[in-house]
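Descriptive analysis of the structure
Listed below, chain by chain, are the residues.
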Amino acid sequence: MGITFYEKERIFKLDTPNTTYLIGIVGKLGFFGHIYYGKKLNGIEGAWELLRVDEDDPSLWDEEAKYRVLFLNRFPTEYSSHGVGDYRESSIRVRTKQGHNAVLLTYHSHRIIEGKPPLEGLPATFGQEGKSDVTTLIITCVDKVLNLKAELYYSVFADTDAIARSVRITNENSEAIYLEKVMSGCLDMENKDFEILSMHGSWFRERYLERKKLGHGKYSVSTTRGGNCHQEHPFMALLAQGANQTMGEVYGFNFVYSGNFLIQAELDQMDSVRVVVGIHPEDFCWKLEPGEAFQAPEMIMTYSSQGLDAMTHSFHKLYKKHIIRSPYRDKKRPILINSWEAAYFDYDEKKLLDIARESAKLGIEMLVVDDGWFGNRYDDNRALGDWYVNEEKLKGGLKYLADEVNKLGMKLGIWMEPEMISPDSDLYRAHPDWAIAIPGRKPSRHRNQYVLDISRKEVRDHIMDMICKVLSSANISYVKWDMNRPLSDLGSAALPPDRQGELYHRFILGLYEMQQRLLDEFPDLLLENCSSGGGRFDPGMLYFSPQIWCSDNTDAIDRLIIQEGTALVYPLSAIGAHVSVCPNHVTGRTTPFDTRGVVALAGTFGYELDVTKLTEEEKEQIKIQTAYYHKLNDLVREGDYYRLASYWQNGTHDCFQVCSPDRRKSLVFYVQVKNPVSFPYQLSRQIRLRGLNEDALYVVKELDLTKEDESDDQQGGKALNGGVLMNGGLNFDWMWGDFQAKLFYLEQV
Ligand code: GLA
């Protein structure tokens with residue numbers, strides 16, 4: 001395990017439990033290239049051949065070699081150059097004072113260290129406290145003409161098949177240089193007849209999966225919206241021919257960043273593939289004064305030889321153990337009820353307390369006051385930035401509300417949107433230059449709001465002072481941090497002309513600093529990130545909040561697809577999911593209450609409805625669901641996730657499973673979206689399970705979410721063999737009607 005440098009061969013071998021990554025230094029000029037990424041290797045003999053370079057190639061020894069361009073354009077480099085002959089995607093591009101753009105980085109030295117240095121100002125993976133479970137290789141390379149130093153970081157984890165990469169650039173020249181592009185990683189490899197799996201979407205339709213062939217040319221996912229992005233996701237997987245859920249080779253890429261990103265796969269004339277991952281270069285330009293450094297965010301790579309499930313397990317494990325820091329990470333979260341779909345802006349303290357009183361009786365543990373409690377915020381046209389309680393609306397303020405809610409045995413949470421400013425706000429009237437804008441140009445509004453220039457320290461401090469005051473004024477246990485518009489009209493009143501290109505990234509650094517301050521001042525706070533639903537679901541945000549609101553679309557059927565895409569990369573413990581009323585406010589669809597419960601139980605769980613308006617029967621079901629949450633959440637949060645059937649693909653039913661790490665307990669979630677009437681005589685369905693012990697006996701019990709569960713865990717179930725369940729299947733009856741759910745609990749006897 002770990003990282004080895006083979007001096008004679010000049011090869012770095014990076015090992016995770018099941019994978020190996022090889023880098024080789026070759027020739028006198030310091031070229032270093034990518035040799036291998038795949039299944040774990042026990043030795044490196046013969047690995048050199050994979051670089052497909054002839055050691056005597058003059059280009060490796062002589063800068064004036066006859067065919068240097070040819071060489072550069074096919075060498076499988078670890079970090080691609082710009083402007084000197086490699087015409088595939090570059091990893092770095094600069095602008096010098098003289099106006100030149102070229103960069104070529106060659107090997108200078110390296111270090112291998114135990115642990116993993118934090119990335120200044122950025123979220124990043126880390127080793128677990130008290131465990132030496134991560135090792136880092138730092139390759140220092142230089143461009144001798146520019147006097148530019150690049151340190152390439154590679155960290156491997158002892159318990160997870162993931163490699164974290166990032167890059168730090170230092171200007172060692174005596175004059176300033178502009179970085180126009182700095183990718184966090186580059187991977188050149190052979191084409192394995194790859195297909196690309198990526199995610200796309202929109203508001204209400206986040207992270208829909210899409211699979212297509214990688215043809216010649218470039219295919220990318222990206223955003224230039226400054227972060228808020230439902231449309232594309234900073235994830236891409238390359239699936240070798242024949243790979244599926246359980247078999248075949250899969251390379252997964254994810255970016256630990258919440259701003260503009262680019263993940264691009266390119267298939268070139270040689271049938272080689274280059275993947276680059278990093279900050280989107282559009283409108284990015286970072287000035288580096290002599291001696292200054294730029295830290296690029298971290299990208300994650302995973303390799304699986306056993307299909308998508310194993311890729312998912314690597315991401316989940318990495319994020320559960322090495323990126324989420326919250327004290328709530330390994331705990332059940334309080335079951336919350338959120339006021340948004342219950343009341344939108346139309347509430348006062350009486351209405352909220354009525355909801356809280358009724359909720360407390362049903363096992364709900366926290367009231368979240370969503371948008372509308374501050375300033376003059378009677379609708380979505382005003383008051384963002386005025387972070388003080390509207391006491392006309394909430395008599396006695398949040399203090400009174402929190403005290404009353406606490407008396408019921410519940411906690412209180414609030415919503416806020418700290419990165420925004422409404423043109424109609426006291427804040428804007430006092431500081432119009434605090435909005436991001438270009439002089440002489442009216443910034444485009446979205447939801448009638450502007451974006452605050454949180455690249456400025458005085459702006460961040462002012463907002464955080466206000467917010468901290470609110471949070472100190474009452475017993476507030478939870479914050480939903482929202483962000484409801486993309487960035488546009490990029491201009492900062494505080495940055496000089498040649499630093500305006502830093503604004504996108506400085507904005508994100510500002511956001512990270514603000515969230516860090518919040519957590520430093522309120523270490524017990526449960527933070528949930530959100531962005532018009534699930535527009536900011538990324539590992540960067542998970543570093544700050546253990547859960548993220550997954551979508552404003554709470555329709556249980558649509559959520560199957562949204563949660564499938566999300567759970568491909570992110571653990572169920574991070575997926576904000578609530579039960580809401582029907583007809584659903586987004587889709588108008590009516591689904592059974594227990595189906596809504598089953599779908600939300602596969603996430604953080606909570607409610608988004610006015611509980612005072614429910615029927616007695618529905619309230620009874622809430623009691624049952626909240627009891628089940630307490631019984632099942634440990635397994636949902638900690639279990640390994642398996643995708644068994646996909647409604648996104650088959651159009652009729654959805655099925656997934658979680659298994660405790662010791663394989664003794666499991667839950668199977670099944671939703672029959674449509675009764676498949678084309679098989680009228682087939683009365684039952686068989687779903688092959690995964691993750692169990694082949695030789696063990698399991699008691700399989702169907703949980704009835706409409707009735708209280710009074711039996712103990714194994715009573716009333718059938719004892720079935722693990723091998724039968726995995727190789728034959730779990731057999732159960734079709735249900736009459738659409739949108740029906742089943743939930744099975746399995747426990748080894
Ligand atoms: C966003 C969120 C919603 C809600 C509203 C409030 O759209 O995703 O859940 O908080 O803002 O304005």
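Everything numeric here is computed off the predicted structure, so don't read it as measured data. Chains are numbered independently. Their residues run from 1 in the order of the written sequence. Local features in this predicted model are restricted to residues whose pLDDT is 70 or higher, and side-chain atom pairs enter the listing and the counts only when it is 80 or higher, whereas totals over whole chains, interfaces and linings include all residues. The basis for every side-chain value is the complete set of non-hydrogen atoms in the structure, without hydrogens or water.

Side note on the packing of helix α4 (residues 349–361) against helix α5 (residues 397–407)
Defined as follows: To obtain an axis, a line is fitted to C-alpha atoms, over the contacting stretch when the element is a helix, and the angle between two such axes runs from 0 to 180 degrees between their N-to-C directions. The secondary structure listing takes helices from DSSP runs of H or I that are at least 4 residues long and strands from runs of E that are at least 2 residues long, numbered from the N terminus. Note on angle classes: values under 35 degrees are labelled roughly parallel, values over 145 roughly antiparallel, values of 65 to 115 roughly perpendicular, and the remainder oblique. Each helix crossing is assigned a hand: it is left-handed if the near helix lies turned anticlockwise from the far helix by less than a right angle, otherwise right-handed if that turn is clockwise. Whether two residues are in contact is decided by their heavy atoms, any of which lying within 4.5 Å being enough. Nonpolar residues are Ala, Val, Leu, Ile, Met, Phe, Trp, Tyr, Cys and Pro. Charged residues are Asp, Glu, Lys and Arg, and all others, Gly as well, are polar.
The N-to-C vectors of α4 and α5 enclose an angle of 20 degrees; their axes lie 10 Å apart at closest approach. It follows from the interaxial angle that α4 and α5 lie roughly parallel. Handedness of the α4/α5 crossing: right-handed. Residue-level contacts link E349, L352, L353 and A356 of α4 to Y400, L401, E404 and V405 of α5. For the contact of α4 with α5, the class distribution of residues is 6 nonpolar, no polar and 2 charged.

Concerning the layout of surface pockets
In plain terms, the rule: Here a cavity denotes a set of grid points, spaced 1 Å apart and computed over the protein atoms alone, in which a 1.4 Å probe fits but from which it cannot get out, and a pocket denotes an open set meeting protein on both sides within 12 Å along at least five of seven lines; residues with an atom within 4 Å of a point are reported as lining. Grid points are joined across faces, edges and corners, and a volume is the space filled by probe spheres set on the points.
There is about 880 Å³ of room inside the largest pocket. In terms of lining residues, the largest pocket is bounded by 33 residues, among which H313, S314, K317, D640 and Y642 are the most central. Residue assignment for the lining of the largest pocket shows that the elements contributing at least two residues are β20 (298–304), α2 (307–322), α12 (616–638) and β32 (640–645). Element by element, the count of residues in the lining of the largest pocket is highest for α2, at 8 residues.

Comments concerning the environment of E210
Quick note on the threshold: Two N or O atoms form a polar contact when they lie within 3.5 Å of each other; inside protein one atom must be a possible hydrogen donor and the other a possible acceptor, and for residues adjacent in sequence the pair counts only when both atoms belong to side chains.
Positionally, E210 belongs in strand β12 (residues 205–213). Taking C-alpha positions, E210 is 7.9 Å from I196, a pair spaced 14 residues apart along the chain. The contact partners of E210, leaving out residues within four places of it in the chain, are I196, L197, S198, H200 and W648. Polar contacts involving the side chain of E210 include one to the side chain of K212, which spans 2.9 Å.

A closer look at the sheet that holds strand β26 (residues 478–481)
Selection rule: Whether two strands pair comes down to DSSP finding at least two bridges between them.
Taken together, 9 strands build an open sheet; the order of strands is β29-β28-β27-β26-β23-β22-β21-β31-β30 and the sheet is parallel. In this open sheet, the two strands that pair with only one neighbour each are β29 (575–576) and β30 (579–580). As defined by bridge partners, strand β22 (residues 366–369) adjoins strand β23 (residues 411–416) across 4 bridges and the pair is classed as parallel. Note that in β23 the partner of M366 across the bridge is K411.

Observations regarding the nonpolar core
Condition: To qualify as a nonpolar core, a set must consist of buried Ala, Val, Leu, Ile, Met, Phe, Trp, Tyr and Cys residues joined through side-chain atoms within 4.5 Å. Partly exposed describes any residue whose relative accessible area lies between the buried limit of under 20% and the exposed limit of over 50%, with all areas from a 1.4 Å probe on protein chains only and scaled to the type maximum.
Core analysis: the biggest nonpolar cluster contains 202 residues, and L238, W373 and L398 have the highest contact counts within it. For this core, the element with the most residues is helix α8 (residues 503–521), which contributes 9 residues. In this structure, A645, C659, L692 and M735 belong to the second largest nonpolar core, which totals 21 residues.

Observations regarding the sheet that holds strand β37 (residues 718–721)
If you walk across this open sheet you meet the 6 strands as β32-β33-β34-β39-β36-β37, and the pairing is antiparallel. In this open sheet, the two edge strands, each paired with only one partner strand, are β32 and β37. Neighbour-to-neighbour, the strand axes of the sheet open up by a mean angle of 25 degrees, direction not taken into account. One ladder, built from 8 bridges, connects strand β34 (residues 665–672) with strand β39 (residues 740–748); its direction is antiparallel. Each bridged residue has a counterpart across the sheet, and for Q672 the counterpart in β39 is Q740. The sheet strands contacting helix α10 (residues 556–567) are β32, β33 (653–659) and β34, and the helix crosses β32 at an angle near 130 degrees. Lying over the sheet, helix α11 (residues 593–601) contacts β34 and β39, oriented at roughly 50 degrees with respect to β39.

Quick notes on the environment of K97
Along the chain, the position of K97 falls in the loop between β5 (92–95) and β6 (106–114). Exposure remark for K97: the relative accessible area of 62% places this residue in the exposed category. The sequence separation of K97 and V581 amounts to 484 residues, and the corresponding C-alpha distance is 61 Å.

What about the pairing of strand β1 (residues 2–6)?
One ladder, built from 5 bridges, connects β1 with strand β2 (residues 11–15); its direction is antiparallel. Looking at the pairing, Y6 lines up with I11 of β2.

What to know about α2
Spelled out, the test is: A helix is expected to span 1.5 Å multiplied by its residue count minus one.
Along its 16 residues, α2 runs 22 Å from first to last C-alpha, staying within 8% of the 22 Å computed at 1.5 Å per residue. With 12 of its 16 residues buried, α2 lies for the most part within the structure. Along α2, the residues classified as buried are G307, L308, D309, M311, T312, S314, F315, H316, L318, Y319, K320 and H322.

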